[in-house]
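Residue-level structural notes
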Amino acid sequence: MRAAVVGIDGTGKTTVLRRMRERGDVTVVHAIRAHDDPHSPYAALSRALAGASAAADALGRVQLKLAVLYLQLCLYGPTERQASRSGRPLVSDRHPLIDPLAYLPMFARAEREGAPGGDVEAWWRGQEPRDARAVRDWLVARTAGADPWPLGTDFLYQATRPPQDVLAYVSRSFGVTLPDTVVLLDLPVEDALARTRNRERRDELHERADLLSLARQHYDIALAWLSRARPEVSVHRVDCRGRTVAEVTEAVHAVVTREGGGGARR
């Protein structure tokens, strides 16, 4: 059984899933941070990609941010297959087929001028040299080219397409299939932003009230569409407002346990 926990930044996904991992009865993976598992064979590359994402945030260029996101999501398929060997229910923090349905329209809203200017070169310089080499090698392996701009531009274009076309594109690109269950952690944007401001790391490009509001809206649209188009995928919503981490963890764990007890539906 495979479940995906999704929601805008600040809803507590990573903290909740860390608590669930500590219970020992589920396997948890992160869709864009394979290095959360220090034993992952992709940990070094994942850390390099995290640095590349931070460099894109610093420049404020959507195309670069999306190019890195694409490269990060390319690691999910092998990570999921490796994690599935545990035999326990697998729960992902984000999912490469669900999150693009919400986040691509949000990034399209944030797009600036389409020409890169000197930002691609600045982006490479903003990374540690060894990490930049790893990112470049992965970019070439996935696209047969060393320029991230066309990759980010093409990924951004997907925001203009119907959801069934986006789903087909990301499934083909990342070599993964839909989870059995999707759990949306729902929290008002103002509460989510208050939480993100308490993080130690710098703010990400999209952590603004207008963009997170758009992402929250598109999660609703995407999951309503998914329920109609793919009824074999169960969709659940957990209201996080006014609830402790422990309470949200219990609610998510209850969904995963209930759905897992029924067996995979595929």
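Structure shown above.
Overview of the structure.

This part takes up the sheet that holds strand β2 (residues 27–30). Sheet architecture is open: 5 strands sit in the order β2-β3-β1-β4-β5, paired in parallel fashion. In this open sheet, the two strands that pair with only one neighbour each are β2 and β5 (234–239). Pairwise comparison of adjacent strand axes, ignoring direction, gives a mean angle of 20° for this sheet. Both strand β4 (residues 181–186) and β5 contribute to a ladder of 6 bridges, which runs parallel. Looking across to β5, one finds that Leu185 is bridged to Val238. The sheet strands contacting helix α1 (residues 13–23) are β1 (2–6), β2, β3 (90–93) and β4, and the helix crosses β3 at an angle near 155°. Set on the sheet, helix α11 (residues 209–229) makes contact with β1, β4 and β5; between it and β4 the angle comes to about 155°.

Turning to the nonpolar core, a few remarks are in order. Counting residues in hydrophobic clusters, the biggest one holds 86 residues, and the most contacted among them are Trp123, Phe155 and Val252. When neighbours within four sequence positions are excluded, Phe155 is seen to be in contact with Leu66, Leu69, Tyr70, Leu73, Leu104, Tyr169, Val170 and Phe174.

Gaps left between atoms are located by rolling a probe of water-molecule size over the structure's atoms. One pass over the full model with this rule turns up 2 cavities of 30 Å³ or more. Roughly 40 Å³ of volume is contained in the largest cavity. Along its surface, the largest cavity is lined by His30, Ala31, Ile32, Arg33, Ala34, Ser46, Leu49, Gln72, Leu75, Tyr76 and Thr79. Considered class by class, the residues forming the lining of the largest cavity number 6 nonpolar, 4 polar and 1 charged. By volume, the second largest cavity is sized at about 30 Å³. Lining the second largest cavity, in full, are Gly7, Ile8, Leu184, Leu185, Asp186, Arg216 and Tyr219. Elements represented by at least two residues in the lining of the second largest cavity include exactly β4 and α11. Ranked by residue count, the leading element in the lining of the second largest cavity is β4, at 3 residues. Classifying every residue of the lining of the second largest cavity gives 4 nonpolar, 1 polar and 2 charged.

Cut-offs used in this document
- Residues numbered from 1 in each chain as written.
- Predicted model: local features only at pLDDT ≥ 70, side-chain atom pairs only at ≥ 80, totals over all residues.
- Heavy atoms only, no water.
- Pairing = 2+ DSSP bridges.
- Helix = DSSP H or I, 4+ residues; strand = E, 2+ residues; numbered from the N terminus.
- Axes fitted to C-alpha atoms, helices over the stretch in contact; angles between N-to-C directions.
- Contact = heavy atoms within 4.5 Å.
- Core = buried A, V, L, I, M, F, W, Y, C linked by side-chain atoms within 4.5 Å.
- Buried < 20%, exposed > 50% of the residue type's maximum accessible area, 1.4 Å probe, protein only.
- 1 Å grid on protein atoms, 1.4 Å probe; cavity = no way out; pocket = protein on both sides within 12 Å on 5 of 7 lines; lining within 4 Å.
- Points joined across faces, edges and corners; volume = space filled by probe spheres on them.
- Nonpolar A, V, L, I, M, F, W, Y, C, P; charged D, E, K, R; others polar.

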